[in-house]
Amino acid sequence: MPKQGVYKISGNTQPQIGKTVTYTIDEWYPATPKEKRNPALVTWQLFKKVGGKFVPTNIKKKGISNFIFQNNAYQNTYRIEAYLHEPEGKAPMALEVQPQPSDVPRINGIQLKYANNTPGNVFNFTEKLIAEAQCTNLEGKYLKFTLWEDDAKDKGHNARNLQVDSKPGKVINGVAKAEFILTSALMKKAMQGETDIKQLEFYVTVEYYENKKHASENVNINTPKEIYPPSKPQPKPGPPTSQPKASGSPAAQKGQSQKEKNGLIETTTEAISGIVSVVGKKIHDWAEAKGTVKKDQKPAPPPPSEKSPTVVNADTKAPSTCICKEQYKDLIWGGKVSCEFRKKAVQICSELWGESRKMEMANGLMAVMNVETAGSFKAHQIMGKSLGDVNSITKDDFWLIKKDKKTGKVISRSSRAVGLIQFTQAALQAIQEFTPGSGFDKLHEVKLRFAKMGEVNQLDYVKKYFEPSKNKIKSPEDIYLYVFAPKGVGQKDDYILYKSGTEEYRQNESVDTKSTGINKNDGNIQRSEILERYHDSYKHGNNNKPQLYNCNNNLQPINNQTSSKCPEDCSQCFEYADVVDNPKLNNQSDNVNKNRFHRVPRYNNKHPKGYFHTGTDILTPLDTDLKSMLCGEVVEALDTGGDLGKIVTIKSKDKNGAYIWIRYCHLNSYSVSKGQKIKHGKVFGKSGNTGNAKNILPQYYHVHIEASTDGVFYGGNTRVDPEQFMKTKFDETTKGNTIK
């Protein structure tokens, strides 16, 4: 089939830092249909040259062909490519770009931050505010930051009363910073006679002034005054009413700032012909950000290295802290795992490859584990299978059986890999966890142990796997190769790993045929092609850095509210709740495990061979308030008219960022509707005995709870144990005692 899509693009290959540059499509492949020759359908992607090759960045946009290179981008080489389907990695549909340092100093923008370095624009009077300006070609220069009150509503204000504080900030690595204590704004208002200040609007303006040396006084002090004719006294000029702009500067293009409009003019003294005058400083560039200070605003949590200001009131609570917030905030895919997992991953990389390279190699390891676990980062992820409940896994789950499509006869039996780096038989032998010749039953026993040991514990074995070859592994890419194709470690990108006609090539043929590189479909699988999945994982990992910090050994907030950590929009849940207070498992069969998810088989006339319960039953007297276990959105609230009776299903995102659907059954009534957002711990209905629970004894009335990873319950295979989303946990005895 003839190629379709973008054939040639053009644009500035040496764009200046800080300036917007737009690239255009010059030609299309001749076979491209007219309806597809639409720039709005074209993807523009930026690649960065690293180690002699171009790797994808996180900049990829559809229909938008303008780019702005910032700060130190001139130190790197980039490739911009436009395509309809897949990048080809070559000219003329791609351009190699070398940004150039800007010859015009400029302030690109300003951002307000809390003391913990998170962005914000609403503060408490007791807080510290950080103003951060991003700059181009101003390295080592000093900017002026001014904090001032927006008092525009007060028509009779004095401009000088608006200014609260001003500070210099030196540009370092393209960024200048200044810190302000907002208590000073409160004190200033109090000095002006205001006693009950509940809210204050403010601006922070950052400015850079032209560094011009003014001429000295044009006076010859050796000339006697008597020789000059008498002159009339000249009136002294009044203070300037506007801020002069340096000719051709960014400020001249921007016009007046809000600070200037409110009469806050920066001045200097200038002496000409013996007359000293107050004149406005010539401004070269400026930027502004607006914020609000509120008396009742809850202060942001402090960074680990600082103490928060002392604020004593009736609502005072202990702030949450986490020592890994600063250390591991840039760990890719860190948002998918716990603090303990992050710390352990970085720790083992430090021990293997040194303290100075720990984050570089840890990022590589995280990208590898994302690929190997299909994004779950779970110790019990089994190769080729959907992630199930860890408690329901048996040794039989590790069988990989291939059958003849026509006869149905078994062709081969092998064993599925498991875990964070997909431990195979060879890997388990290498770390001396399995003895060759012990048989599949023993092998699957070891894999079952690995699946159930937990992620943090399994990381010890990940380290053990890499340890013998740590000196051969020179780069993060080598980590991936050591897991997937060890002979590629340390080789060049064009090194051929598998050739056409070999079993290894057949098993990985799609790596060649679906490659986006220059060697696509050439009958060989090169190192660079194997690494494409790694680079894709790394790129997406940058968008999944840690957002929540919750170390087990750190101080946690004392908070009686339901959702102290969960977003207000119910988009994710970090603190699970119980469906009822003091929950107890249904003991209808003298063995609660028959009423739990996939614990002990049930038998009846309809299922003489036995079947497993599809959920967990929690005892609930009739018309007990039922509470959502997770924050989320109601996707069902209806009467099924069948065995489940009245149900409510809530779609959520768990603490690891994975979607989960929780269904509550046999309700008497529900008080929510489809599309409604709900916080964990909030009531959605009342328990009952509808559906096939109608005729059970009152002491066994219960709410039946199911969980699914894709919302398909009946006929699906994605149900998981709902107990993992309950606050209260139960042991595995026949009584199901509460774990204290």
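Note that the structure is predicted; figures quoted are calculated from it, not measured.

S.K.: Would you take a moment to explain the overall build of the protein for this structure?
M.R.: On a plain count of helices and strands, the protein comes out with 14 helices and 31 strands. Buried positions account for 43% of the 740 residues belonging to the protein. Here the contacts in the protein between residues at least 6 apart in sequence split such that 65% fall between residues at least 24 apart. In the form shown here, the protein has an accessible surface area of approximately 38900 Å², with 48% of it arising from carbon and sulfur atoms.

S.K.: Would you mind showing me how to read the sheet that holds strand 5 (residues 53-62) here?
M.R.: Paired through their backbone hydrogen bonds, the strands of a sheet run either parallel or antiparallel. Sheet architecture is open: 4 strands sit in the order 5-4-7-8, paired in antiparallel fashion. Both edges of this open sheet fall to strand 5 and strand 8 (94-97), since each of them pairs with a single strand only. Mean inter-strand twist for the sheet, computed between neighbouring axes without regard to direction, equals 25 degrees. Bridge analysis of strand 4 (residues 43-50) against strand 5 gives 7 bridges, and the strand direction is antiparallel. Residue pairing in the sheet places Phe47 in a bridge with Pro56 of strand 5. Relative to strand 5, helix 14 (residues 527-541) is tilted by about 50 degrees, and along the sheet it contacts strand 4 and strand 5.

S.K.: Please explain helix 6 (residues 339-353) as it appears in this structure.
M.R.: For an α-helix, 3.6 residues make a turn, and residues three or four places apart therefore share a direction. Its 15 residues place the ends of helix 6 21 Å apart at the C-alpha level, agreeing with the 21 Å of an ideal helix rising 1.5 Å per residue. In terms of burial, helix 6 is a largely internal element, 11 of the 15 residues being buried. Buried within helix 6 are the following residues: Cys339, Phe341, Arg342, Lys344, Ala345, Val346, Ile348, Cys349, Ser350, Leu352 and Trp353. The first or second residue beyond helix 6 is Gly354, which carries a positive phi of 100 degrees.

S.K.: Help me understand the packing of aromatic side chains in this model?
M.R.: Two descriptors summarise a pair of aromatic rings, namely the distance from one centre to the other and the angle between the planes of the rings. Taken as a whole, this structure holds 21 aromatic pairs when the rule is applied. Where Tyr23 meets Phe67, the ring centres are 6.0 Å apart and the plane angle is 70 degrees; that geometry is what we call edge-to-face. Here Tyr23 is found in the loop between strand 2 (20-22) and strand 3 (24-28), whereas its partner Phe67 is found in strand 6 (residues 66-68), with 44 residues between them in sequence. Here the two residues Tyr23 and Phe67 agree in accessibility, since each one is buried. Seen in terms of ring centroids, Trp333 and Phe377 are 6.2 Å apart; in terms of plane orientation they differ by 45 degrees. Their pairing is tilted. Here the residue Trp333 occupies a position in the loop between helix 5 (324-327) and helix 6, and Phe377 occupies one in the loop between helix 7 (358-372) and strand 19 (399-403), the gap between them amounting to 44 residues. No difference in accessibility class separates Trp333 from Phe377, as the two residues are buried. An aromatic cluster of three or more residues is present, and its members are Trp353, Tyr465, Phe466 and Tyr482.

S.K.: Whenever I open this one, the pairing of strand 14 (residues 175-181) confuses me. Can you help?
M.R.: Two faces, one strand: in a regular strand the side chains alternate between the faces of the sheet. Covered by surrounding structure in strand 14 are Ala176, Ala178 and Phe180 only, the residues Val175, Lys177, Glu179 and Ile181 on the alternate face being uncovered. Bridging between strand 11 (residues 128-136) and strand 14 involves 7 bridges; their strand directions are antiparallel. Looking at the pairing, Ala131 lines up with Ala178 of strand 14.

S.K.: Where do I start with the sheet that holds strand 14 in this structure?
M.R.: Strands sit in the order 9-11-14 across an open sheet of 3 strands; the sheet is antiparallel. Whereas interior strands pair on both sides, the edge strands pair on one side only; in this sheet they are strand 9 (106-113) and strand 14. Averaged over all pairs of adjacent strands, the angle between strand axes in this sheet comes to 20 degrees, irrespective of strand direction.

S.K.: What is the right way to read the packing of helix 11 (residues 476-484) against helix 14 from this model?
M.R.: To characterise two packed helices, one gives the angle between the axes of the helices and the distance between these axes. Where helix 11 contacts helix 14, the axes come no closer than 10 Å and their chain directions differ by 105 degrees. One finds that helix 11 runs roughly perpendicular with respect to helix 14. Taking contact as the criterion, the partners of Pro476, Glu477, Asp478, Tyr480, Leu481 and Phe484 in helix 11 are, on helix 14, Arg527, Ile530, Leu531, Arg533, Tyr534 and His535. Its residues assigned to classes, the contact of helix 11 with helix 14 comprises 7 nonpolar, 1 polar and 4 charged.

S.K.: Could you clarify how one ought to interpret the environment of Cys573 in this entry?
M.R.: Relative to the assigned elements, Cys573 resides in the loop between helix 14 and strand 23 (616-619). As for Cys573 and Met629, which are separated by 56 residues in sequence, their C-alpha atoms are 9.2 Å apart. Residues within four places of Cys573 in sequence aside, it is in contact with Cys566, Met629, Leu630, Cys631, Lys653, Asp654, Lys655 and His680.

S.K.: Got a minute to help me understand the pattern of salt bridges in this structure?
M.R.: One side chain can pair with another of opposite charge once the charged atoms of both are near each other. Counted by the stated rule, this structure contains 36 salt bridges. Asp441 is the partner of Lys395 in a salt bridge, and the nearest nitrogen-oxygen pair spans 3.1 Å. Linking Lys395 in the loop between helix 7 and strand 19 with Asp441 in helix 9 (residues 440-452), this pair joins segments that are 46 residues apart in sequence. Classification of Lys395 by relative accessible area gives partly exposed; the value is 28%. Salt bridges sharing common partners tie together Arg596, Arg599, Asp721, Glu723 and Glu732.

S.K.: I'm lost on unusual backbone geometry in this one. Help?
M.R.: Most of the time, phi is negative for any residue but glycine, and the peptide bond is trans. Cis geometry marks the peptide bond from Ala91 to Pro92, where omega comes out at 5 degrees. Along the chain, Pro92 falls in the loop between strand 7 (78-83) and strand 8. You will see that Asp623, though not glycine, has its phi angle at about 60 degrees, which is positive. Within the fold, Asp623 resides in the loop between strand 23 and strand 24 (625-627). Non-glycine residue His666 carries a positive phi angle of around 70 degrees. With respect to the helices, strands and loops of the structure, His666 is situated in strand 27 (residues 659-670).

S.K.: What am I meant to see in the confidence of the model for the protein here?
M.R.: Put simply, the protein has an average pLDDT of 82, and 84% of its residues get 70 or more. Put simply, helix 1 (residues 159-162) is where the protein has its lowest mean pLDDT, 58, and strand 23 is where it has its highest, 96. Across residues 152-157, where pLDDT falls below 50, the model places 4 contacts with residues more than four positions away in sequence or in other chains. This model gives residues 212-230 a pLDDT under 50, and the stretch forms 10 contacts once residues within four places in sequence are excluded.

S.K.: It is not clear to me how the pairing of strand 30 (residues 702-708) should be interpreted in this structure. Could you clarify?
M.R.: By the criterion of burial, strand 30 is predominantly enclosed, with 7 of the 7 residues buried. Going residue by residue along strand 30, you find His702, His704, Glu706 and Ser708 tucked away on one face and Val703, Ile705 and Ala707 tucked away on the opposite face as well. With 4 bridges joining them, strand 23 and strand 30 adopt antiparallel strand pairing. Bridging from a neighbouring strand, Thr616 pairs with Ile705 of strand 30. Note: strand 27 against strand 30, 5 bridges, orientation antiparallel. From the neighbouring strand, Arg663 faces strand 30, where its bridge partner is Glu706. When strand 30 meets strand 31 (residues 719-720), the two strands line up antiparallel, connected through 2 bridges. By the bridge assignment, Ser708 is partnered in strand 31 with Arg719.

Basis of the calculations
Residues numbered from 1 in each chain as written. Predicted model: local features only at pLDDT ≥ 70, side-chain atom pairs only at ≥ 80, totals over all residues. Heavy atoms only, no water. Helix = DSSP H or I, 4+ residues; strand = E, 2+ residues; numbered from the N terminus. Buried < 20%, exposed > 50% of the residue type's maximum accessible area, 1.4 Å probe, protein only. Contact = heavy atoms within 4.5 Å. Areas by Shrake-Rupley, 256 points an atom, 1.4 Å probe, with all protein chains shown as cover. Pairing = 2+ DSSP bridges. Axes fitted to C-alpha atoms, helices over the stretch in contact; angles between N-to-C directions. Expected span 1.5 Å × (residues − 1). Phe/Tyr/Trp six-rings, centres within 6.5 Å; stacked < 30°, edge-to-face > 60°. Parallel < 35°, antiparallel > 145°, perpendicular 65-115°, else oblique. Nonpolar A, V, L, I, M, F, W, Y, C, P; charged D, E, K, R; others polar. Salt bridge = Lys/Arg side-chain N within 4 Å of Asp/Glu carboxyl O. pLDDT = per-residue confidence, 0-100.

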